[in-house]
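# Topology and contacts: notes
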Amino acid sequence: MLDLFSEDAPWSEPLADGAVILRRRARDESEALITLINDVAAQNPFYHRITPGGHRMSVAMTNCGDFGWSSDSRGYRYSEQDSASGKRWPPMPDRFRALAVSCAQEAGFTGFSPDACLINRYEPGAKLTLHQDKDEQDLKAPIVSVSLGLPAVFQFGGFERGDATQRVLLEHGDVVVWGGPSRLRYHGILPLKPGVHPLAGAFRFNLTFRRAFR
Ligand code: MD3
Ligand code: FE
């Protein structure tokens, strides 16, 4: 049916200089995206990485694309292989790339060409403490993040760990584009509340599309 009232259509919310939330932007294709996540995970399973400090991360991760981000006792890095299995990462599905590129474009970033997609899986209680994403070579390229499944409270701060933070709820289908001056802001995810999502079950998934190497 034609959506005459468009209360159902995606909308955008500016968050900070260089950062915009495209609310529900991925909702209509979310079922296909979750199927593709499961396909990737069937090849390179979600895994709770160990930080260089020796802690097991509460978020489980896998990747697709030419490069994937992971950590082990030796440190954090982007690499062509999954250090857990020694296998290459599965290719980035065309549908993933197309979504990331068009969302970046809608946010004003032309020419985005992601070479890495990190896939995070949150279970109840899983969190990501405040951090910066700065392992990428080209900090002029934005990061595009896609939230699927259970909602989570996202925290975003300033350019130093101790700066004040804002809290924003990220829900199923929300896309956030981070670039320009926001690219190096501290950010994190508060512990996930338990729940059941009709498409994602007891989980929250987050895709982050990145340009790791020039
Ligand atoms: C702000 N992921 O994977 S997405 C990460 O929901 C990460 O799983 C979170 O932080 C998640 O590194 C947050 C939103 C996000 C992603 C990257 C950013 C916000 C960002 C990079 C710079 C500034
Ligand atoms: Fe991050």
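Presented here is an overview of the structure given in this document. (Residues numbered from 1 in each chain as written. Chains lettered and ligands numbered in written order. Predicted model: local features only at pLDDT ≥ 70, side-chain atom pairs only at ≥ 80, totals over all residues. Heavy atoms only, no water.)

## Some points on the coordination of the iron ion (ligand 2)
Quick reminder of the rule: Metal donors: N, O and S atoms at distances within 2.8 Å, or within 3.2 Å for Na, K and Ca, with water omitted from the atom set so that some sites may seem incomplete. Numbering of helices and strands starts at the N terminus; helices are DSSP runs of H or I of at least 4 residues and strands are runs of E of at least 2.
Around the iron ion (ligand 2), the protein contributes the donor atoms His131 (NE2), Asp133 (OD) and His187 (NE2), at 2.0 to 2.2 Å from the metal centre. Expressed as a motif, the donor residue spacing for the iron ion (ligand 2) is H-x1-D-x53-H. Of this pair, His131 sits in strand β7 (residues 128–131) while His187 sits in strand β12 (residues 187–189), and the two are 56 residues apart along the sequence.

## Concerning helix α2 (residues 94–106)
To keep it simple, the criterion reads: Helix span, as expected, comes to 1.5 Å for every residue beyond the first. Only protein chains enter the accessibility calculation, which uses a 1.4 Å probe; a residue is then buried when its area is under 20% of its type maximum, exposed when over 50%, and partly exposed in between. To be clear, the arc concerns the directions from the helix axis to the C-beta atoms.
For α2, built from 13 residues, the straight-helix expectation of 18 Å at 1.5 Å per residue is met to within 8% by its first-to-last C-alpha distance of 18 Å. Residues Phe96, Leu99, Ala100, Cys103 and Ala104 constitute the buried set of α2. Along the axis of α2, the buried positions cluster into a sector of 125 degrees, meaning they face one direction only. Positive phi shows up at Gly108, right after α2, with a value of about 100 degrees.

## Re the sheet that holds β12
Counted only if it meets this: Only strands joined by at least two bridges in the DSSP assignment are considered to pair. In this description, a line fitted to the C-alpha atoms serves as the axis of each element, helices being fitted only across the stretch in contact, and the angle between N-to-C directions of two axes falls anywhere from 0 to 180 degrees.
Taken together, four strands build an open sheet; the order of strands is β7-β12-β9-β10 and the sheet is antiparallel. The open sheet has two edge strands, β7 and β10 (166–170), and neither has a second partner. The average undirected angle you get between the axes of adjacent strands in this sheet is 20 degrees. As paired elements, β7 and β12 share two bridges and run antiparallel to each other. When the sheet's bridge partners are listed, Leu128 is paired in β12 with Ile189.

## Describing the site of ligand 1
What counts here: Nearness is judged by heavy atoms alone; a residue qualifies as near a molecule or strand once a single heavy atom is within 4 Å of it. N or O atoms closer than or at 3.5 Å make up a polar contact, with two conditions inside protein: a donor-capable atom paired with an acceptor-capable one, and, for residues adjacent in sequence, both atoms drawn from side chains. Accessible surface is estimated by sampling points in the Shrake-Rupley manner with a 1.4 Å probe; for residues, cover comes only from the protein chains shown.
Close to ligand 1 lie 19 residues, the nearest being Asn120, Tyr122, His187, Arg204 and Arg210. Here an oxygen atom of ligand 1 and a side-chain polar atom of Asp133 are 3.0 Å apart. The side chain of His187 places a nitrogen or oxygen atom 2.9 Å from an oxygen atom of ligand 1. For ligand 1, the accessible surface in isolation is 500 Å², of which the surrounding protein chains cover 98%. Those elements that place two or more of their residues in the shell around ligand 1 are β6 (116–122), β7, β8 (143–149), β12 and β13 (204–210). The element that contributes the greatest number of residues to the shell around ligand 1 is β13, accounting for four residues.

Shape descriptors only; they carry no functional weight alone.
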